[in-house]
Amino acid sequence: MQINPPEEADIVVAGCGTSACVLISRLAAANPDISIVAIEAGPANISQDAHIPANLWRNVFPPSTLVKNVFSQPMEELNGKPTFNTWGHGVGGSSQINFMCYARGNKGDFNAWGKEAEGWDYEGLLPYLRKIENHYLPGKEDVHGYDGPLHVSNPEPAPVSKEWINAGVALGLEHKEDVMDFNSVNAIGPFAKWINGATGHRSLLAANTVLALKPNIYDPITDKSSLRPDAKVHIIAQARVTKVLLSDDATPVAKGLEYVKEDGSKGVVRARKLVVLSAGALNSPLILERSGIGKKEVLSRAGVESRVELDVGTDLQDHPLCHQMYHLSDEADTRDPFLWEQPDVVAAAGAAFEKNGGGPLGTTAFDGYANGFPSSIRLPFMANFASSTLEQLSKGETTTDKVTTNVVQGSGYVGDLTGVEFGKYFWLATFLSHALSKGHIHITSADIDAPPDYKAPFLTNDADVHSFLWTYKATRESARRMPSYRGELGTHHPVFSSTSNARAQKYATWDANSVTTLNYSEEDDKAIENWVRDKVVTTWHTLATTPMKFRQNGGVVDANLSVYGVKNLKVADLGIAPSNLSGNTYHAALAIGEKAASIFAKEVGLSV
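If you tally the helices and strands in the protein chain, you get 14 helices and 21 strands. Taking 608 residues into account, the globule formula puts the C-alpha radius of gyration at 25 Å, and the protein chain, at 24 Å, falls close to it. For the C-alpha atoms alone, the extent of the protein chain along its principal axes is close to 75 × 55 × 45 Å. Of all 608 residues assigned to the protein chain, the portion counted as buried reaches 62%. Excluding contacts between residues fewer than 6 apart, the proportion of contacts in the protein chain whose partners are at least 24 apart in sequence is 71%.

Take the pattern of salt bridges next. Counted by the stated rule, this structure contains 22 salt bridges. The partner of Lys455 in a salt bridge is Glu77, and the shortest N-O contact between them spans 3.6 Å. Placement of the pair is Lys455 in strand β19 (residues 453-455) and Glu77 in the loop between β3 (67-71) and β4 (84-88), with a sequence separation of 378 residues. For Lys455, a relative accessible area of 28% gives the class partly exposed. Across the pair Glu133 and Arg104 runs a salt bridge, and its minimum N-O distance is 3.4 Å. With Glu133 in strand β5 (residues 133-135) and Arg104 in the loop between β4 and α3 (107-116), the pair connects residues that are 29 residues apart, well separated along the chain. Judged on exposure class, the residue Glu133 and its partner Arg104 are both buried. Here the salt bridges share partners, and the residues they tie into one network are Glu8, Asp10 and Arg272.

With that out of the way, let us pick up the pairing of strand β14 (residues 321-328). Counting buried positions along β14 yields seven of eight residues, so the element is predominantly enclosed. Bridging between β14 and strand β17 (residues 424-432) involves eight bridges; their strand directions are antiparallel. Bridge pairing in β17 links Tyr326 to Phe426.

Attention now moves to the packing of helix α1 (residues 18-30) against helix α14 (residues 586-603). Put simply, α1 and α14 touch, their axes get as near as 8 Å, and they point 35° apart. In this structure, the crossing between α1 and α14 has a hand that is right-handed. Together, Thr18, Ser19, Val22, Leu23, Arg26 and Leu27 of α1 and Tyr586, Ala589, Leu590, Ile592, Gly593, Glu594, Ala596, Ala597, Phe600 and Ala601 of α14 make up the contact between the two elements. Tallied by class, residues from the contact of α1 with α14 come to eleven nonpolar, three polar and two charged.

All right, on to the packing of α3 against helix α4 (residues 122-131) then. The interhelical angle for the contact between α3 and α4, taken along N-to-C directions, is 115°, at an axis separation of 8 Å. Of α4, the residues touching α3 (which contributes Lys107, Phe110, Asn111 and Trp113) are Tyr122, Leu125 and Leu129. Of the residues belonging to the contact of α3 with α4, the class tally is five nonpolar, one polar and one charged.

Turning our attention to the sheet that holds strand β15 (residues 366-372). Read across the sheet, seven strands follow the order β7-β8-β15-β16-β17-β14-β20 without closing on themselves; strand pairing throughout is mixed. Sheet topology places β7 (174-175) and β20 (485-488) at the edges, where each strand pairs with a single neighbour. The pairing of strand β8 (residues 187-190) with β15 spans four bridges and is classified as antiparallel. Bridge pairing in β15 links Pro190 to Gly368. Across the sheet, helix α12 (residues 462-480) lies against β14, β16 (405-411), β17 and β20, angled at about 150° from β17, the strand it touches most.

Here we take up the packing of aromatic side chains. Counted under the stated rule, the structure contains 22 aromatic pairs. Consider the rings of Phe191 and Tyr369, whose centres lie 5.1 Å apart with planes at 40°: the pair is tilted. Note that Phe191 is positioned in the loop between β8 and α6 (205-208) and Tyr369 in strand β15, a separation of 178 residues in sequence. One exposure class covers both Phe191 and Tyr369, and it is buried.

Here the focus is the side chain of His89. Relative to the elements of secondary structure, His89 occurs in the loop between β4 and α3. The exposure class assigned to His89 is buried, which follows from its relative accessible area of 12%. Not counting residues within four places of it along the chain, the set of residues in contact with His89 comprises Glu40, Ala41, Gly42, Pro43, Thr65, Leu66, Val67, Lys68 and Gln96.

Moving on to the nonpolar core. If you look at the biggest cluster of nonpolar residues, it comprises 122 residues, and the most contacted ones within it are Ile24, Ile39, Trp113, Trp120, Ile293, Leu561 and Leu569. Per-element tally for this core: the top contributor is α14, with eleven residues. Setting aside anything within four residues of it in sequence, one finds Ile39 in contact with Val12, Val13, Ala14, Gly15, Ile236, Ala239, Val241, Leu257, Tyr259 and Val269. Leu299, Ala302, Val465 and Leu518 belong to the second-largest nonpolar core, a separate cluster that totals 32 residues.

Of note, Val241 is situated in strand β11 (residues 239-246). Along the sequence, Val241 and Val260 sit 19 residues apart, while their C-alpha atoms lie 6.5 Å from each other.

Analysis parameters
Residues numbered from 1 in each chain as written. Predicted model: local features only at pLDDT ≥ 70, side-chain atom pairs only at ≥ 80, totals over all residues. Heavy atoms only, no water. Helix = DSSP H or I, 4+ residues; strand = E, 2+ residues; numbered from the N terminus. Rg over C-alpha atoms; globule rule 2.2 N^0.38 Å. Buried < 20%, exposed > 50% of the residue type's maximum accessible area, 1.4 Å probe, protein only. Contact = heavy atoms within 4.5 Å. Salt bridge = Lys/Arg side-chain N within 4 Å of Asp/Glu carboxyl O. Pairing = 2+ DSSP bridges. Axes fitted to C-alpha atoms, helices over the stretch in contact; angles between N-to-C directions. Left-handed = near helix turned anticlockwise from the far one by under 90°. Nonpolar A, V, L, I, M, F, W, Y, C, P; charged D, E, K, R; others polar. Phe/Tyr/Trp six-rings, centres within 6.5 Å; stacked < 30°, edge-to-face > 60°. Core = buried A, V, L, I, M, F, W, Y, C linked by side-chain atoms within 4.5 Å.

Without other data, these values stay purely geometric and don't point to any function.
Below you can see the structure in the form of structure tokens.
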């Protein structure tokens, strides 16, 4: 029996994350004779409690072994502080650790993609967006899928979410039960999740796709006796791809991948048909650069010979996020007793989940969702909103399919409880879905262990600061119109002057029916800006580092996901996005995997 990894395969894939799991499983299931090898930096085994939705926080933050981090240098735009980004580490990638948010973006987002890549507009992507999902909820049947491997539901939203939705409607938002119909702007409603409504389990991607094929897994812990001599899908786990092996031709041909194991030993897998990079938007560009594909000046500084010059890693985008916390009345029905681990509540939660996947363990703290475009909600403070910012945000597009701001609502205190007084809490997380700031990620050496040069795409364009000013004020007004609202938790709000009408306050009682909109002075705006620069963080929605654009526009891959100037080399992950999305990027990553499988199959004469 073969106990060493294959040294050759039809298709060789760098990474086994979200997009890779989909494309590998589709190709292998439809073509039993094709051989595929995936090389994954993380472990192959799924965390024992990853299926429990409420465990999402422990999967992302230390001491989780399911993530890896990259850190920036101190950034002037962030008041001189560094920041970080995170990606999933293991088979399934970030699908194991994401927050299960079912937020798909809008029609206009994908139509913008189609301007750079034929077949990637909304109509071209809709079949693939539908194919992966099994949608349990109300909605238009022509925009949702009902027989895919990943389930969508909305188990047990906390009651206070209804208060917040009603408050949003009072401010002019449209209430929609399905805000994920690809056609919702200035809308508010319940927030669906990638959770199996029948079991209460996270819709685990790897378990339902590539691992269901029973691949041979090669890593330090897997029992070699489980390896099957007839297996066609192989995963080399806990091994990092160092570079693409290129021929010496004037137009190089991708021949395979080189990788390094945890013990420092190296290996090679050669490809008979295709080499695919699907290591994620933060890692695929680094593999390209270590292979000599990228900007000449970047490669020169890193001591790497330039083979093909492309704008790799230069257009990094994300969704910058800030969040606020509010006090609620003692009577408010929130998740706090569970989050504070009150013994009787935790015991009841365990019993409910064991019985039928119900209770707080079978859901997340994310209950409501809203989106908007600033010019559509004219509150008094909009008078100071910069017209130049609106012009940059709209870029000549209509607001009917343009979303610039997304808001996620949850109940219960989320974070370190040290020094926090027990009570009832409510939070709002706001992120800019079409931020104008850009960042980058590049290698600093040919050595895979050298930290990359990462600059976060946060607040380098003042228009994003103006958007956060508007977003903070608008979302705060929605909280103040809730009957259970009892004020702001000061540690999670700007530090206003002690005499400012906008300062954080706590109230014993509150009449939501007689609320008047807060007025903000120039000093108040400066306090908000300072708070944003201090608190802004990633939503882990990184994309556009290997964009699918025309080459003259800075593109790295074409509409068939082929790397310009290299034969037999593809990229299939969120890095190929030519522009941003007004929602969570997970569904887009799934659709990229689906469409990539279709493209690759056609090119090499396979079925899908």
